[in-house]
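# Observations on the three-dimensional arrangement
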Amino acid sequence: MATICAHKRVAHLSASVRPVIEFRDVGKAYPDGTVALRSLSLTAREGQITVLVGPSGCGKTTTLRMVNRMVDPTSGQVLLDGADVGGRDPAALRRGIGYVIQNAGLFPHRTVLDNVATVPVLLGRSRREARTTAAELLERVGLDPRVGSRYPAQLSGGQQQRVGVARALAGDAPVLLMDEPFSAVDPVVRADLQDELLRLQSDLGRTILFVTHDIDEAIRLGDMVAVLRVGGTLAQFAHPAELLSSPADDFVAEFVGRDRGYRRLQFLGAGELTLTDLPTGPDDGEGGWVLVLDDDRRPVTWRHDGQDVAVGSLYRADGGSLRGALDAALSSPSGRGVAVDGDGRLLGGIDAEAVIALLHRSSDPAGAAR
Amino acid sequence: MRLFGEDILPLAAEHVVLAVVPVLIGLVISLVLGWWAWRVPAVRRVLVPLTGVLYTIPSLALFVVMPLILGTRILDPLNVAAALVLYAVALLVRTVVDGLDEVPDDVMTAAVAMGYRPGGLLVGVQLPLAVPVLIGGLRVATVSSFSLVAVGAIIGQGALGALFTQGFERFYTAQIVFGLVSIVVLALIFDALWVLVGRLLAPWTRAARGPGRSAAEDDATVGARV
């Protein structure tokens, strides 16, 4: 039986976790008759990332903006910590909710540090105190504190987005709304930002409502994923592994994509994978593949007939998934994946056949992930 | 300093006051009107074209009509000043609307989402971001004002413009040229002052395109790269 992927977030998925944001039969119709949202009921629970995903026109951004009253529903209720937000003063409500948008929306006329300090200053804290908090947050989101004195235009898109996240965290809001925050950056930077968010979230445990049109992002980040249809109806609300293994209908199946079988592997831990011995050494590898290690037993290169070939993707055995293990095997020039420990030292080899065999043994992956 | 039988320095000082003060008053009025027009589309549709038409009224006609509107005496300096305020408003209302339009949508969204109220938004976000556009409009309005003051000489309130009227009466070219050059120089000085004010108020505009540390060559991101 494959063990559960090391995402610790899977652990607290039970319905007993306190609801923080509740949508109760929420609808939004505009005076011209356009219906942005028909009737949506949804609960985002404490400390979880709840993702709203769907094609454009499904009302996901409208839904998000109802939480901080940038949009008011025409029917139904939105509850924050059990209280209807409809009765709250919008500005005061918003100061208590972090918000990150696409392109970050940083203030071009303020330094990075003052951008991050915005909400604390609005909350009445002294500028000095706010800047101290801001400087800490910059480090927390993986930025050099020296960027604090720069203006946003002097940063790359990925850096700006990190500043955007830091700014949303600065008010110590327990709830974060993120509206396609990583959509405008290139895929490599996006993956970095996603990793960073998961790392931050494991430290901070905020309640996050996250909007995206990218199902891969939804599956990667979400503790729970809500798939919305055009016109604003909920197609399925489930854990990502369940979304992949048992989509509710054709729309969801189509939306999660064709290679969902492969992507489901990322929710399966590879803890019981049997590692093989790999031929190692500094020799020239005549007659076969040899993995060259440095003094600390970290893989440096594959060598074959005196030629060096890059190692391909390494599989980190601490918390790696079956997807990572399979990818390590498939991307290795020698046909054998390289497994390393947390410090990058060699543990052993991975054969694709062993991964497939392990997959066969885990008969009910969705069940295993729960 | 006496030149051409006139005490030049007081005349120059008068010219500066007559040209600059109405622009500043016009700016305050335009900020109010421009913000209103920016918020309410119906107001914008009326106000922006209207102020445009205002600027096409010949200045001399306006100087002459002013006493009728304000109830002042024909030779009251207030006539010229009030007309110049009107011209400044004519130029600056559109500038203010354009400047507020200039604020990017995502910046506005982010500001509202962070809990800015309308007043704080205007002072803390919109106006600072409109500074480059505002400075552009103020430069045009100020230079225009310096030349319009001279026209006031025809109704006896032209400050340095008096050098023209007297020069023409005496067919004294040197006096006319001196008047012309001194007005142009004063206008350029104040034009440069606005540029300086713009730099002080909006240092970020130079940072944006300034040379040196660009994000690409100096990636300050640390960590997170596994």
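All values reported here derive from a predicted model rather than from experimental measurement.

Before going further, it helps to spend a moment on the overall build of chain B. When its secondary structure is counted, chain B shows nine helices and two strands. Along chain B, helices and strands appear, N-terminal first, in the series β-β-α-α-α-α-α-α-α-α-α. Across chain B, the fraction of contacts at a sequence separation of at least 24, relative to all contacts at a separation of at least 6, is 70%.

The secondary structure content of chain A amounts to 14 helices and 16 strands. Once the C-alpha set of chain A is aligned to its principal axes, its extents read approximately 75 × 50 × 35 Å. Burial status across chain A gives 48% buried among its 370 residues. Sequence-distant contacts, at least 24 apart, represent 64% of the contacts inside chain A between residues at least 6 apart.

A common way to express how large an interface is: the accessible area buried when the components associate. On the chain A side, the residues contacting the 27 residues of chain B number 31 residues. No other element matches helix H5 (residues 105-114) of chain B, which puts seven residues into the side of chain B that touches chain A. For the side of chain B that touches chain A, the per-class residue count stands at 18 nonpolar, five polar and four charged.

Among the nonpolar cores identified, the biggest contains 161 residues, and Val67, Val116 and Ala325 of chain A together with Ala88 of chain B are the most heavily contacted of them. Per-element accounting of this core gives the leading share, 16 residues, to helix H4 (residues 77-101) of chain B. When we break this core down by domain, the ones giving at least three residues each are domain 1 (8-96 + 173-267) and domain 2 (289-361) of chain A. Beyond its immediate stretch of four places on either side in the chain, Val67 of chain A contacts Ile21, Val78, Leu80, Val85, Ile97, Leu177 and Leu209 of chain A.

For the rest of this paragraph, the subject is the sheet that holds strand E16 (residues 346-350) of chain A. Residue and element names in this part refer to chain A. If you trace the three strands from one edge of the open sheet to the other, you get E14-E15-E16, paired in mixed fashion. Here the strands that pair on one side only, and so sit at the sheet edges, are strand E14 (314-316) and E16. Here the average twist between neighbouring strands, direction ignored, is 35°. With three bridges joining them, E14 and strand E15 (residues 337-340) adopt parallel strand pairing. Opposite Tyr315, over in E15, you have Ala339 as the bridge partner. Helix-sheet contacts for helix H12 (residues 322-331) involve E14, E15 and E16, and the interaxial angle to E15 is about 130°.

Below, the discussion takes up the UniProt feature "transmembrane region" (unreviewed entry) in chain B. Here the UniProt-annotated "transmembrane region" (unreviewed entry) positions come out as residues 12-38, 50-71, 78-97, 117-138, 145-164 and 176-197 of chain B. Secondary structure content for residues 176-197 of chain B is 100% helix and 0% strand, while the C-alpha to C-alpha distance between its ends is 32 Å.

Residues and elements named next belong to chain A. Pairing in this open sheet of four strands is antiparallel, and the strands run E2-E1-E4-E5 from one edge to the other. Each edge of the open sheet is held by one strand with a lone partner, namely strand E2 (35-45) and strand E5 (83-84). Two elements, strand E1 (residues 19-29) and strand E4 (residues 75-80), share five bridges in a ladder whose sense is antiparallel. In the strand pairing of E4, Arg24 is matched with Gln77.

What follows concerns the pairing of strand E12 (residues 299-304) of chain A. All names here are of chain A. Both strand E11 (residues 289-293) and E12 contribute to a ladder of five bridges, which runs antiparallel. Across the sheet, Leu293 pairs through a bridge with Pro299, a residue of E12. In this antiparallel pair of consecutive strands, E11 and E12, the connection spans five residues, and Arg297 shows a positive phi of 65°. Pairing between E12 and strand E13 (residues 307-309): three bridges, direction antiparallel. If you follow Trp302 over to E13, its bridge partner there is Val309.

With that out of the way, let us pick up the environment of Leu200 of chain A. Residues and elements named next belong to chain A. Along the polypeptide, Leu200 turns up in helix H7 (residues 187-204). Owing to 19 C-beta atoms within 10 Å, Leu200 belongs among the partly exposed residues under this scheme. Put simply, Leu200 and Arg140 are 60 residues apart on the chain and 7.8 Å apart in space, counted from C-alpha to C-alpha.

Under the domain assignment used here, chain A contains domain 1 (8-96 + 173-267) and domain 2 (289-361). Between the C-alpha centres of domain 1 of chain A and domain 2 of chain A the distance comes to 36 Å.

Time to look at the packing of helix H3 (residues 59-70) of chain B against H4 of chain B. Residue and element names in this part refer to chain B. For the pair H3 and H4, interaxial distance at closest approach is 9 Å and the crossing angle is 110°. Looking at the two axes, H3 sits roughly perpendicular to H4. The element H3 and its partner H4 pack so that their crossing is right-handed. Of the residues in H4, those in contact with Ser59, Leu62, Phe63, Met66, Pro67 and Leu70 of H3 are Leu78, Asn79, Val80, Ala82, Ala83 and Leu86.

With that settled, consider unusual backbone geometry. All names here are of chain A. One non-glycine residue, Asn103, lies in the positive phi region at around 60°. Relative to the helices and strands, Asn103 resides in the loop between strand E6 (97-101) and helix H3 (112-116). For Asp172, which is not a glycine, the phi torsion comes out positive at approximately 60°. Tracing the backbone through its elements, the reader meets Asp172 in the loop between helix H6 (157-169) and strand E7 (175-179).

Bringing the environment of Ala91 of chain A into the picture now. Structurally, Ala91 of chain A is set in helix H2 (residues 90-95). Considered as a pair, Ala91 of chain A and Arg69 of chain A are 22 residues apart in the sequence and their alpha carbons are 8.9 Å apart. Setting aside residues no more than four positions away along its own chain, Ala91 of chain A makes contact with Gly115, Tyr116 and Arg117 of chain B.

Looking now at H12 of chain A. Counting buried positions along H12 of chain A yields seven of ten residues, so the element is predominantly enclosed. Residues of H12 of chain A that are buried include every one of Leu322, Gly324, Ala325, Leu326, Asp327, Ala328 and Ala329 of chain A, and no others.

This part takes up H5 of chain B. Taken together, the buried positions of H5 of chain B are occupied by Val107, Ala110, Ala111, Val112, Ala113 and Met114 of chain B. The elements touched by buried residues of H5 of chain B are H2, E6 and helix H4 (118-122) of chain A together with helix H6 (118-151) of chain B. Positive backbone phi, approximately 105°, marks Gly115 of chain B, located one or two places after H5 of chain B.

Residues and elements named next belong to chain A. By the secondary structure assignment, Leu37 is in strand E2. Overall, Leu37 belongs to the buried group, with 25 C-beta atoms counted inside 10 Å. Contact partners of Leu37, with chain neighbours within four places excluded, come to Val26, Gly27, Lys28, Gly59, Thr62, Thr63 and Gly232.

All names here are of chain B. The contact between helix H1 (residues 8-39) and helix H2 (residues 41-54) brings their axes to 6 Å, and the two run at 135°. On the basis of their axis angle, the class for H1 and H2 is oblique. Where H1 abuts H2, its residues Leu33, Trp36, Ala37 and Trp38 lie against Val43, Arg44, Leu47 and Val48. Residue classes in the contact of H1 with H2 are distributed as seven nonpolar, no polar and one charged.

Criteria and thresholds
Residues numbered from 1 in each chain as written. Chains lettered and ligands numbered in written order. Predicted model: local features only at pLDDT ≥ 70, side-chain atom pairs only at ≥ 80, totals over all residues. Helix = DSSP H or I, 4+ residues; strand = E, 2+ residues; numbered from the N terminus. Contact = placed C-beta atoms within 7 Å. Buried ≥ 20, exposed ≤ 12 C-beta atoms within 10 Å, placed from the backbone. Nonpolar A, V, L, I, M, F, W, Y, C, P; charged D, E, K, R; others polar. Core = buried A, V, L, I, M, F, W, Y, C linked by C-beta atoms within 7 Å. Domains from an automatic or database assignment. Pairing = 2+ DSSP bridges. Axes fitted to C-alpha atoms, helices over the stretch in contact; angles between N-to-C directions. UniProt positions renumbered as here; feature names shortened; annotations may be inferred. Parallel < 35°, antiparallel > 145°, perpendicular 65-115°, else oblique. Left-handed = near helix turned anticlockwise from the far one by under 90°.

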